[in-house]
Amino acid sequence: MTSDAPPAAGLQAHGSLPVAPRLPVRRLRLVAEIGLFYLCLPLLYAHLIQTYRISLIVLMQPLLLALLAYLLWSRDFSLQREFSRGVSGRVVAGIIGLFVLVAGAISAWVSINEPGGFLSFPLYNTRMWLLVMVFYPLLSVLPQELAFRSFFFHRYGPLFGDRLWLLALVNGALFGFAHIIYGGPVSIILSGALGVLLAWRYARTRSLRAIWLEHALYGQMIFTVGLGRYFFTGVSTLQ
């Protein structure tokens, strides 16, 4: 691990774009894009999943390809830089320390209020649980962080200037709303809270590695303690 480096001058506006969008027309266009990508698209996906039983994995492929194409094409964004930016031991210690506290509280709540589901996944379906632990960070966490942090901060971060708190709240709320595809309030609330934390962490560190680690830890914990059913659409590609 390497020490965190201060953001470059082009990142001071909390986006990779070199200058904040000052023109009203450009600002309106970016706000419209946020509404289209982060509000309308989740609603469409929720409809397709719940009505036509289309797998989320199938729906995500064209979106991920378009996202990667944009990031690779953008001259103001470096995917290599995004993956290579280090994270300090102090940040990692903070991530793990907070995770231990939150995971302990959630585990205690589930064991008391939903004892039948507590640790049922690793105990009774160990093989599938191990697969989730291994592939979830790669197939789910990484695409989400590229879409909601790397892409969002790069393209829309300049709209917020130096108001980190507003950027974190908006990004977290949109991240939570995107989980409407699972059809319940629990996934939206938990994801929204995590989204605010991840947005704040990314704004402070500019480290994809840091938020990748943090997101993976919380997601793996959710599946392990027995709350994974709130993050399942009910549609499988194996059907």
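Residues numbered from 1 in each chain as written. Predicted model: local features only at pLDDT ≥ 70, side-chain atom pairs only at ≥ 80, totals over all residues. Heavy atoms only, no water.

Participant: Is there a simple way to think about the nonpolar core in this case?
Facilitator: It is characteristic of soluble globular proteins that their nonpolar side chains tend to be buried jointly. If you look at the biggest cluster of nonpolar residues, it comprises 49 residues, and the most contacted ones within it are Tyr38, Phe152, Tyr156 and Met221. Elements represented by at least two residues in this core include exactly helix H1 (24–52), helix H2 (56–73), helix H4 (89–113), helix H6 (126–156), helix H7 (164–178), helix H8 (185–205) and helix H9 (208–225). For this core, the leading source of residues is H6, giving 13 residues. The next biggest cluster of nonpolar side chains, apart from the first, holds eight residues, and it includes Tyr45, Leu48, Leu59 and Val235. (Core = buried A, V, L, I, M, F, W, Y, C linked by side-chain atoms within 4.5 Å. Buried < 20%, exposed > 50% of the residue type's maximum accessible area, 1.4 Å probe, protein only. Helix = DSSP H or I, 4+ residues; strand = E, 2+ residues; numbered from the N terminus.)

Participant: Can you walk me through the pattern of salt bridges in this structure?
Facilitator: Close approach of charged atoms allows side chains of opposite charge to pair. According to the stated counting rule, one finds five salt bridges in the structure shown. Of the charged contacts, one joins Glu214 and Arg201 as a salt bridge, the two residues approaching to 2.8 Å between their closest N and O atoms. Placement of the pair is Glu214 in helix H9 and Arg201 in helix H8, with a sequence separation of 13 residues. As far as the burial class goes, Glu214 and Arg201 line up, both buried. (Salt bridge = Lys/Arg side-chain N within 4 Å of Asp/Glu carboxyl O.)

Participant: How do you make sense of the packing of H7 against H8 when you look at a structure like this?
Facilitator: Each pair of packed helices gets described by two things: the angle between the helix axes and the distance between those axes. Contact pair H7 / H8: the axes reach a minimum separation of 7 Å and the direction vectors enclose 145°. Along this stretch, H7 crosses H8, giving a crossing that reads as right-handed. Contacts from Leu164, Trp165, Ala168, Leu169, Asn171, Gly172, Phe175, Gly176 and Phe177 of H7 reach H8 at Ile188, Ser191, Gly192, Gly195, Val196, Ala199, Trp200, Ala203 and Arg204. For the contact of H7 with H8, the per-class residue count stands at 11 nonpolar, six polar and one charged. (Axes fitted to C-alpha atoms, helices over the stretch in contact; angles between N-to-C directions. Left-handed = near helix turned anticlockwise from the far one by under 90°. Contact = heavy atoms within 4.5 Å. Nonpolar A, V, L, I, M, F, W, Y, C, P; charged D, E, K, R; others polar.)

Participant: Explain H4 to me, please; I cannot follow it from the model alone.
Facilitator: An α-helical segment advances 3.6 residues per turn. Residues three or four places apart therefore align on the same side. Taking 1.5 Å of rise per residue, the 25 residues of H4 would be expected to cover 36 Å, and the 36 Å separating its terminal C-alpha atoms lies within 8% of that figure. Along H4, the positions that sit buried rather than exposed are Val91, Val92, Ile95, Phe99, Ala103, Ile106, Ser107 and Val110. (Expected span 1.5 Å × (residues − 1).)

Participant: Before we go on, may I ask you to explain unusual backbone geometry in this structure?
Facilitator: For residues that are not glycine, phi is negative in most cases, and the peptide bond is trans in most cases. In this model, Leu119 sits at a positive phi of 60°, which is unusual for a non-glycine residue. For Leu119, the position within the fold is in the loop between H4 and helix H5 (120–124). One non-glycine residue with positive phi stands out, namely Arg206, at about 55°. Mapped onto the fold, Arg206 is located in the loop between H8 and H9.

Participant: Looking at this structure, how should I read the environment of Leu166?
Facilitator: Mapped onto the fold, Leu166 is located in helix H7. The partly exposed category is assigned to Leu166, whose relative accessible area is 24%. For Leu166 and Trp200, which are 34 residues apart along the polypeptide, the C-alpha to C-alpha distance reads 9.7 Å.

Participant: How should the packing of aromatic side chains be read in this particular structure?
Facilitator: One pass over the structure, following the stated rule, counts 14 aromatic pairs. With a centroid separation of 4.8 Å and 85° between ring planes, the pair formed by Phe153 and Tyr202 is classed as edge-to-face. Residue Phe153 is found in helix H6, and its partner Tyr202 is found in helix H8; the two are separated by 49 residues along the sequence. For Arg149, the ring lying beneath its charged end belongs to Phe175, and the centroid distance is 4.6 Å. (Phe/Tyr/Trp six-rings, centres within 6.5 Å; stacked < 30°, edge-to-face > 60°. Lys NZ or Arg CZ within 6 Å of the ring centre and 35° of its normal.)

Participant: Just to check I follow, could you spell out the side chain of Arg201 for this structure?
Facilitator: Here Arg201 falls in the buried class, since its relative accessible area comes to 16%. Discounting residues that sit within four places of it in the chain, Arg201 has contacts with Val91, Gly94, Ile95, Leu98, Arg206, Ala210, Ile211 and Glu214.

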